[in-house]
Each structure stands twice: as C-alpha cells, then as structure tokens.
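# Coordinate analysis (summary)
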Amino acid sequence: MIEFREGDGRQRVICVHPAGGTAFCYLSLTAALPESIGVQGIQSPGINAGETPLPTIEAMAREYLKAVDPRPDESLVVCGLSYGGLIAHEMGRLLTLAGHARVSVVLLDTYGTEDPAQRAAIAPVESSEFREKLVRFNGMYPGIEDDQIDRYFRIYNHNRMTARDYEVPVSPARLVFVQATEDGDGGEDGSAVASFWERRAGGGLVVEPVGCGHWDLLESDEVPRVAELIAAELARMPAARMPAALPGAGESDAVQPGSAAQPAHPSAALEA
C-alpha cells in the first residue's frame, strides 16, 4: 500500500496497479481529486526484491482487501487502470458480498472478452518488446538496474497470464466503465467491451466515454473528468451499514507494502 493522500477518513479511493505492477500512474488522478478524499495505491508483490507474486487475480483481491482494511463507516471507490480493473472488479465483488454498502468499482478502460480464441492469444511478451515499452513510457530512467528491469518484466508477464486465466464473474457491486474513445493502439470494439461488463454488473453499470486513447487516460486533459466521475460515485453512496467479515479474513498477512520512495515507473501504464 502507498499512501498518496490521507484525506479526512470518510471517503477513500483505492487505486490498483496495472499489469506493470506499480501504482504511481495514479499520481495525476490523486492531484485532481478533492483534498478531503483519501487516496491509496496498491502495488504488485514481486516488483521489489525478495517478494513473491500472488498466483491469481482472486488471490490478489483477497490479499489487497486485507491491506485496505475497509471500515463500515467509510465510502470506497476501488479503481483500476486496464489490467488493474480486473482486480478492482474482484475486490468490489468480495466487498459487496461481505455486506459493504458504500462501494463502487471504477474500471479505467479495462478490456474483457468471452472469446476463447482472444483469451488464448494472451501470451508473455519478449524482453525486447518490454524494453521498447519502457523506452516509450520513459521507464529507462537514469540509475535503473538490470535486475530491477528483470523484476518488472517478470511481473508484467505474470500479470498478463493471470488476466488470461481469470474467469470474470458477475458482481453485485456497482460498476462504472470509463471508456477511452480515441484509442490509437488498435483497441477492441467499444460496444462489445461495454456489453461484456454489462453482463457482469449485478449492481448496475454506467458507461462513461472520455475523449482520449487508452494509453492517455491518466496522462491527458481528461484526468479532471475521471476525477469528477470518482468524486460523484463517492457522493452518491447510501448510508453505512456494518459489513460481515471479508472472505479470507484471518488468513496470511497482508501484501507487503510498496516503498513510496521508489521511483515513479511508467511501466505501471502497461496493460495486459
């Protein structure tokens, strides 16, 4: 967990890492949200030396919720960019099933498909391709070491494979799908992706188009719009009621916290 902003304790936004594993891509969003809203980022175990990646998206969701430690008297938005939206979806599902009434899930251009061929086509990327992406997103910063690049490379591919294997279930949580409408990187059919999420939104789905590409969602003039949508979700939440114990509570310790001193790494913006 990384504390981007403490807030006043009544409203909190949990930002789940994309496939790249780091959460610093949410700094721009944090700056655009009202000061009263607490913002925390979750980083992927495995990006720091000595850490072991969690095996599945379901396991990540359970462990991350232990780290979040939600209170019944607070309003929560769980959001995730790209791959991070899959984990956010699972976290919101578990929270809502446990009785937490003040939660919404915001999917930041998160792709989903029921096509077996498309799912099977998800494969690890080669090291050369990954390094090209690091260069593209200014990830090859001065002082980065080869073993650090290797850890990012390994966790990126690990997370891609967990996305392939995750059978996205129906969730009773409310979903907000923020859909980039100007994807210049060969994006999927927007209506098909929206329909995919509609079939899994037991608590209702809102589709919010934004005028940027997938890669620019948190790096464009649309960031204030995304912040507005999240703030509106927090404002609309009903009165609190006490949730039951979260599934998996009392098991192993929470995920190891990331280091806020770690350099902001653009590989966080790499999607599954």
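Structural data are supplied above this passage.
What comes next is a walk through the structure. As the structure is a computational prediction, the values presented were derived from the model and not from experiment.

Another point: the sheet that holds strand β7 (residues 205–210). Strand order across the open sheet formed by 7 strands is β1-β3-β2-β4-β5-β6-β7, with mixed pairing between neighbours. Looking at which strands have only one partner, the edges of the open sheet turn out to be β1 (2–5) and β7. On average, each strand axis in the sheet is inclined to that of its neighbour by 20°, with strand direction left out of account. Bridge count between strand β2 (residues 11–16) and strand β3 (residues 38–42): 5 bridges; the pairing is parallel. Opposite Val-13, over in β3, you have Val-39 as the bridge partner.

So, on to the packing of helix α2 (residues 57–68) against helix α3 (residues 83–97). Relative orientation of the contacting elements α2 and α3 amounts to 65°, with a least axis distance of 9 Å. In terms of axis orientation, α2 runs roughly perpendicular to α3. The interaxial crossing formed by α2 with α3 has right-handed handedness. Judged by residue contacts, Ile-57, Glu-58, Met-60, Ala-61, Arg-62, Tyr-64, Leu-65 and Val-68 of α2 engage Tyr-83, Leu-86, Ile-87, Glu-90, Met-91, Leu-94 and Leu-95 from α3.

As a further point, take the side chain of Asp-109. Examined against the element boundaries, Asp-109 turns out to sit in the loop between β5 (103–108) and α4 (116–120). Filtering out sequence-adjacent residues up to four positions away, Asp-109 remains in contact with Ser-82, Phe-177, Val-178, Gln-179, Ala-180, His-214 and Leu-217.

Within strand β4 (residues 75–81), 7 of the 7 residues are buried, which leaves it mostly tucked inside the rest of the structure. Because side chains alternate across β4, one face comprises the buried residues Ser-75, Val-77, Cys-79 and Leu-81, and the other comprises Leu-76, Val-78 and Gly-80, equally buried. Pairing of β4 with β5 involves 6 bridges; the strand directions are parallel. Looking at β5, one finds that Val-77 is bridged to Ser-104. In the classification by handedness, the crossover that spans β4, the intervening α3 and the parallel β5 is right-handed.

Rules and cut-offs
Residues numbered from 1 in each chain as written. Predicted model: local features only at pLDDT ≥ 70, side-chain atom pairs only at ≥ 80, totals over all residues. Heavy atoms only, no water. Pairing = 2+ DSSP bridges. Helix = DSSP H or I, 4+ residues; strand = E, 2+ residues; numbered from the N terminus. Axes fitted to C-alpha atoms, helices over the stretch in contact; angles between N-to-C directions. Parallel < 35°, antiparallel > 145°, perpendicular 65-115°, else oblique. Left-handed = near helix turned anticlockwise from the far one by under 90°. Contact = heavy atoms within 4.5 Å. Buried < 20%, exposed > 50% of the residue type's maximum accessible area, 1.4 Å probe, protein only. Right-handed = clockwise from strand over helix to strand, strands pointing away.

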